[in-house]
Amino acid sequence: MGEGSPYQGKLAVLYEGNGDLAVFQQLAGRLAVPLKYADDPFKAEDFFLTWRDSCLKLLDKELLKKGGLTVEIEPRPGEQRSWPAPKDGALAQAVGRKTKTVIDATTGWGQDSLHIFRMGYNVTCMERSPIMAELLTDGFIRLAQLDWMQRLQLQPPQLFTGNAIDLLANLDNAPDCIYLDPMFPPKRKKSALAKKSMTVLRDLLGDDQDKEQLFARALQATGKRVVVKSPDDAEALGGKPNESYHGKLLRYDVYFKG
């Protein structure tokens, strides 16, 4: 365990006897977390990273015996499987059909990034969690190997790891759109259970405490617009938006530059 690791006692890399042990050791070294073995009776951590089914997966105690969470590279139900997919729906309206370049500054599991990418936009991803960056890197490697990606000679989105507030301050070129999907505190009222992927992410990483500063930096750094995804009952992050588009239980607030 590296000294000062933010994941001290929370995360370990798990080797279950499949694959090259050195790859698991390197991952543990990059994240400064311990390497545990499947037959180790002492697994005190709450979260584990391991390769299953040729995918890097994040597990909690509940998922140790089944599956795991990974960056899903296939289109979500209801999304077009062609490339480029039609620029339909609230997300495409918010991003802008004439937009060409998009930075997703809060990539997370990458589902919105990949949806935007599949609609033909030029997407760059930013992720400050080294854990999520490892999962995204694995997902983008798998994406690059898909038949349609190779046939069309497409490259996956570029991924930058670090605090987006700092990364956005040092852009060479302003993108047409900066997309933000910060983690909001969970609703206090009873609501449908949050997806497992989001609850695990929140438990591991916590809420985004600096989303106001991130929004301010994004508005400075963008060429044309900032899009903020939020729960439908959350306060608008940047005050009254120029436009809003509503999806199921969420909305996209659009802020134009200048």
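### Quick look at the sheet that holds strand 2 (residues 35-37)
And step 1. Taken together, the 4 strands give an open sheet; going across it, the order is 2-1-3-4, and neighbouring strands pair in mixed fashion. With partners counted over all chains shown, the strands left at the sheet margins are strand 2 and strand 4 (55-60), one partner each. Each neighbouring strand pair of the sheet contributes to a mean axis angle of 35°, computed without reference to strand direction.
And step 2. Sheet topology places strand 1 (residues 11-15) next to strand 2; 3 bridges connect them, and they run parallel.

### A look at the pattern of salt bridges
And step 1. For the structure shown, the criterion picks out 12 salt bridges.
And step 2. A salt bridge links Asp53 to Lys57, with the shortest nitrogen-to-oxygen separation between them at 3.2 Å.

### Some remarks on the pairing of strand 4
And step 1. Of all 6 residues in strand 4, 6 are buried, a share of seventy percent or more.
And step 2. Along strand 4, one buried face is formed by Cys55, Lys57 and Leu59 and the opposite face, lined by Leu56, Leu58 and Asp60, is buried too.
And step 3. Here strand 3 (residues 47-52) folds back onto strand 4, and the loop between the two strands holds 2 residues, one of which, Asp53, carries a positive phi near 55°.

### Digging into the pairing of strand 10 (residues 243-247)
And step 1. Pairing between strand 10 and strand 11 (residues 250-256): 5 bridges, direction antiparallel. Bridge pairing in strand 11 links His246 to Arg251.
And step 2. Hairpin connection of strand 10 to strand 11: 2 residues between the antiparallel strands, including Leu249 at a positive phi of 65°.

### Here we look at helix 4 (residues 130-144)
And step 1. For helix 4, built from 15 residues, the straight-helix expectation of 21 Å at 1.5 Å per residue is met to within 8% by its first-to-last C-alpha distance of 21 Å.
And step 2. Of all 15 residues in helix 4, 11 are buried, a share of seventy percent or more.
And step 3. Regarding helix 4, the residues found buried are Ile131, Met132, Ala133, Glu134, Leu135, Leu136, Asp138, Gly139, Phe140, Arg142 and Leu143.

### Overview of the nonpolar core
And step 1. Counting residues in hydrophobic clusters, the biggest one holds 58 residues, and the most contacted among them are Leu11, Leu49, Leu58, Ile116 and Leu135.
And step 2. The element best represented in this core is helix 4, accounting for 6 residues.
And step 3. Within the second largest apolar cluster, 16 residues are counted, among which are Ala105, Met126, Val228 and Leu237.

### A closer look at the sheet that holds strand 5 (residues 101-104)
And step 1. An order of 7-6-5-8-9-11-10 is seen for the 7 strands of this open sheet, with the pairing classed as mixed. Each having just a single partner strand, strand 7 (158-161) and strand 10 make up the two edges of the open sheet. Neighbour to neighbour, the strand axes of the sheet diverge by 20° on average, direction disregarded.
And step 2. Relative to strand 7, helix 4 is tilted by about 165°, and along the sheet it contacts strand 6 (122-127) and strand 7.
And step 3. Here helix 8 (residues 211-221) sits on the sheet and contacts strand 8 (177-180), strand 9 (225-231) and strand 11; the angle it forms with strand 8, its principal contact strand, is near 165°.

### Considering the confidence of the model for the chain
And step 1. Confidence in the prediction for the chain averages 90 pLDDT; 93% of positions are at 70 or higher.
And step 2. Note that residues 189-193 has pLDDT below 50 and, in this model, 0 contacts with residues that lie over four places away or in other chains.

### As for helix 1 (residues 21-31)
And step 1. The set of residues buried in helix 1 consists of Phe24, Leu27, Ala28 and Leu31. End-on, the buried residues of helix 1 take up no more than an arc of 100°, which puts them together on one face.
And step 2. Among the structural elements, strand 1, strand 2, strand 3, strand 4 and helix 4 are those in contact with the buried residues of helix 1.
And step 3. N-capping of helix 1 is provided by Asp20, with a side-chain oxygen placed 3.0 Å from the backbone N of Ala22.
And step 4. The positive-phi residue at the C-terminal boundary of helix 1 is Ala32, with phi of around 55°.

### Considerations on the packing of helix 1 against helix 4
And step 1. With their axes 10 Å apart at the nearest point, helix 1 and helix 4 run at an angle of 145° to one another. Remark: the crossing between helix 1 and helix 4 carries right-handed chirality. Residue-level inspection shows Leu27, Arg30 and Leu31 of helix 1 in contact with helix 4, the latter providing Pro130, Ile131 and Glu134.
And step 2. Among the residues forming the contact of helix 1 with helix 4, the class breakdown is 4 nonpolar, no polar and 2 charged.

Calculation rules
- Residues numbered from 1 in each chain as written.
- Predicted model: local features only at pLDDT ≥ 70, side-chain atom pairs only at ≥ 80, totals over all residues.
- Heavy atoms only, no water.
- Pairing = 2+ DSSP bridges.
- Helix = DSSP H or I, 4+ residues; strand = E, 2+ residues; numbered from the N terminus.
- Axes fitted to C-alpha atoms, helices over the stretch in contact; angles between N-to-C directions.
- Salt bridge = Lys/Arg side-chain N within 4 Å of Asp/Glu carboxyl O.
- Buried < 20%, exposed > 50% of the residue type's maximum accessible area, 1.4 Å probe, protein only.
- Expected span 1.5 Å × (residues − 1).
- Core = buried A, V, L, I, M, F, W, Y, C linked by side-chain atoms within 4.5 Å.
- Contact = heavy atoms within 4.5 Å.
- pLDDT = per-residue confidence, 0-100.
- Arc of directions from axis to C-beta.
- Polar contact = N/O pair within 3.5 Å; in protein donor to acceptor, adjacent residues only side chain to side chain.
- Left-handed = near helix turned anticlockwise from the far one by under 90°.
- Nonpolar A, V, L, I, M, F, W, Y, C, P; charged D, E, K, R; others polar.

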